[in-house]
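Take a look at the letters that make up each chain.
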Amino acid sequence: MLGTKQILEREDLYIMKHTVLTLQEQKKNNDKITMLTAYDYTTAKLIDEAGIDTILVGDSLGMVMLGYEDTISVTMEDMIHHSAAVARGAKNAFIVTDMPFMSYQTSVHDAVVNAGRLMKEGRANAVKLEGGLSVCPQIKAITACDIPVVAHIGLTPQSVNAFGGFKVQGKDIENAKRLVEEAKAVEAAGACMVVIECVPAKLATYISEQLSIPTIGIGAGNGCDGQVLVYQDMLAMYSDMAPKFAKHFGQVGTAMKEAFANYIKETKAQTFPAPEHTFAISDEVMNAIK
Ligand code: KIV
């Protein structure tokens, strides 16, 4: 039989991993939630070890990992493959995995089945889907299966063709009102967090104040309860698109190119591999095989 102290100690161990409860607590304490994207084991491990709260396996992987011009072509298999790799690398971060285009819009049944696959095969802790009122039935049904759902409003990249491009959302009265309604609706449907993308800062702050669930902003100012960035954007590794909100926290793209160029130069010059990178064999063995 475990005593109370032992039980508390064990509970302390459990909360090292971020959960829906710890993230909710962070909102209450105004402790900003940090989120970055990751798509592979090595990067997830580095980001996790840096102390991130949550990792998003975003369908942005279609653009930054697979080279598509948008997220439309990303499949369930892509998401499961990358999510499982991230889950193997991240021990403490709460892992949110995107539901790709047409994996939940088609029906509530499809949404539940595909959310289940991202949890079982992709080892996600929550799924994220884009949209407001139109996806509330899906959010209700998925959360009824005890799968946490993160909503995503504002600029929803899967709607790029309907929007006519990647554009700031909610700038006029009608659209600002609609975003407030959508945020309230996804919360009422059971979402545990909501990503707000490319929305004027004052509007995103107002929405964050209206909700009891955490809001995570991207291009939505610093009044949200947390922030998310695509890691290739914040490390200046991806140059196909340069969003205004993507601050460069390091010139990793340049550092990578320099390292690749040095490798090419040294290999051509035969200064790599040097003796310290080389395995030795005795003359006796070499002579015996000649
Ligand atoms: O797919 C993604 O990376 C996202 C973020 C931009 C929020 O949805």
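Residues numbered from 1 in each chain as written. Predicted model: local features only at pLDDT ≥ 70, side-chain atom pairs only at ≥ 80, totals over all residues. Heavy atoms only, no water.

## Some words on the overall build of the protein chain
- Within the protein chain, the regular secondary structure consists of 13 helices and eight strands.
- For the C-alpha atoms alone, the extent of the protein chain along its principal axes is close to 80 × 60 × 35 Å.
- In the protein chain, once contacts between residues fewer than 6 apart in sequence are set aside, the share between residues at least 24 apart is 58%.
- Taking the 26 positively charged and 34 negatively charged side chains of the protein chain as two groups, their mean positions are separated by 3 Å. (Helix = DSSP H or I, 4+ residues; strand = E, 2+ residues; numbered from the N terminus. Contact = heavy atoms within 4.5 Å. Lys, Arg positive; Asp, Glu negative; His and termini not counted. Charge placed at Lys NZ, Arg CZ, Asp CG, Glu CD.)

## Focus: the domain arrangement of the protein chain
- Domain parsing of the protein chain yields domain 1 (4–250) and domain 2 (257–289).
- Domain 1 and domain 2 are separated by 45 Å when their C-alpha centres are compared. (Domains from an automatic or database assignment.)

## A look at the pairing of strand S2 (residues 54–57)
- Alternating residues of S2 divide into Thr54 and Leu56 and Ile55 and Val57, and every residue in both groups is buried.
- As paired strands, strand S1 (residues 33–37) and S2 are joined by three bridges and run parallel to one another. Its bridge partner lying in S2, Leu36 is registered against Ile55.
- Pairing analysis gives four bridges linking S2 to strand S3 (residues 94–98), with the strands arranged parallel. Within S3, the position partnered with Leu56 by the bridge is Val96. (Buried < 20%, exposed > 50% of the residue type's maximum accessible area, 1.4 Å probe, protein only. Pairing = 2+ DSSP bridges.)

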